[in-house]
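# Results of the structural survey
The primary structure of each chain is shown beneath.
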Amino acid sequence: ANLEQALLRLDELLRQPQLESSRPGRGGLEPYRAALVASTSEPVDRQIIELVTRLFESLLDDSQLQPPFRPIVARMQVAALRVCLAEPAMLDSYDHAIWRLLDRVGNTSLGYSRVEDARLSAFIAFAAAVAEEMAGASTPDSALFRRGLNRIDAFLAEQLQEQLRAAHAAVESLQLAERRELLQQHLMQRLADQMAAV
């Protein structure tokens, strides 16, 4: 019960904008780690809390994680910690849905070359909604993170399809311009050949 109260307080604190928008590491569990550890008497739970909070601090402090994505990762912390406490074996699996989801968000953050890219803004908004869903779940579990990962993957696949459609139109336009130019060169050559005798 004490741990649950501490997690609820922490989740409420992480929801506040000043924590989410602050510099790397400040949106993390570091300042609250001692309170979380003190709220449980189980040694295994204490170790899990230590490990997971330190892991998230490392993620949030990573210079490769783009600033707009830090609040998204920070928002998933409490839900991830709840899952880790309920399923300690997941800490042994690199392929668990939590790690794959965090990986996908982090890797995707590196995939946009321009900050003003509309696709980046759309992805940030979508990932933030997914993170909020994780945080708002009353009893988060692995299935919740799998669904979140599937939704992120579907969103990215749709963005890719839109890019391909836009690129296809551009390619067709370039091919048409190239055919026009070739036709113009061919007609000029035939005209020059016919006029040579004159």
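This is a predicted model, so every value here is computed, not measured.

## With respect to a nonpolar patch on the surface
A cluster of nonpolar side chains, Leu191, Met195 and Val198, forms an exposed patch at the surface whose accessible area comes to about 350 Å². Within the secondary structure, Leu191 sits in helix H9 (residues 142-197).

## With respect to the pattern of salt bridges
Summed over the entire model, instances satisfying the criterion amount to eight salt bridges. A salt bridge links Asp95 to Arg100, with the shortest nitrogen-to-oxygen separation between them at 3.7 Å. Of the residues examined, Asp95 reaches a relative accessible area of 56% and is grouped as exposed. By relative accessible area, Arg100 is classed as partly exposed at 33%. A salt bridge links Asp117 to Arg119; its shortest N-O distance comes to 2.5 Å. A relative accessible area of 7% places Asp117 in the buried class. Look at Arg119 and you get partly exposed, because its relative accessible area is 29%.

## Some points on the packing of helix H8 (residues 118-136) against H9
Axis separation between H8 and H9 bottoms out at 10 Å; the angle between their running directions is 165°. By the angle between their axes, H8 is roughly antiparallel relative to H9. For the element pair H8 and H9, the recorded crossing hand is right-handed. Here Arg119, Ala122, Phe123, Phe126, Ala127, Val130, Glu133 and Met134 of H8 lie close against H9, whose contacting residues are Leu144, Phe145, Gly148, Arg151, Ile152, Phe155, Leu156, Gln159 and Gln163.

## Points about the side chain of Thr108
With respect to the helices, strands and loops of the structure, Thr108 is situated in helix H7 (residues 97-109). Not counting residues within four places of it along the chain, the set of residues in contact with Thr108 comprises Phe123 and Leu156.

About the thresholds
- Residues numbered from 1 in each chain as written.
- Predicted model: local features only at pLDDT ≥ 70, side-chain atom pairs only at ≥ 80, totals over all residues.
- Heavy atoms only, no water.
- Patch = residues over 30% accessible without salt bridge, like charges linked within 9 Å, V, L, I, M, F, W, Y side chains within 5 Å.
- Areas by Shrake-Rupley, 256 points an atom, 1.4 Å probe, with all protein chains shown as cover.
- Salt bridge = Lys/Arg side-chain N within 4 Å of Asp/Glu carboxyl O.
- Helix = DSSP H or I, 4+ residues; strand = E, 2+ residues; numbered from the N terminus.
- Buried < 20%, exposed > 50% of the residue type's maximum accessible area, 1.4 Å probe, protein only.
- Axes fitted to C-alpha atoms, helices over the stretch in contact; angles between N-to-C directions.
- Parallel < 35°, antiparallel > 145°, perpendicular 65-115°, else oblique.
- Left-handed = near helix turned anticlockwise from the far one by under 90°.
- Contact = heavy atoms within 4.5 Å.

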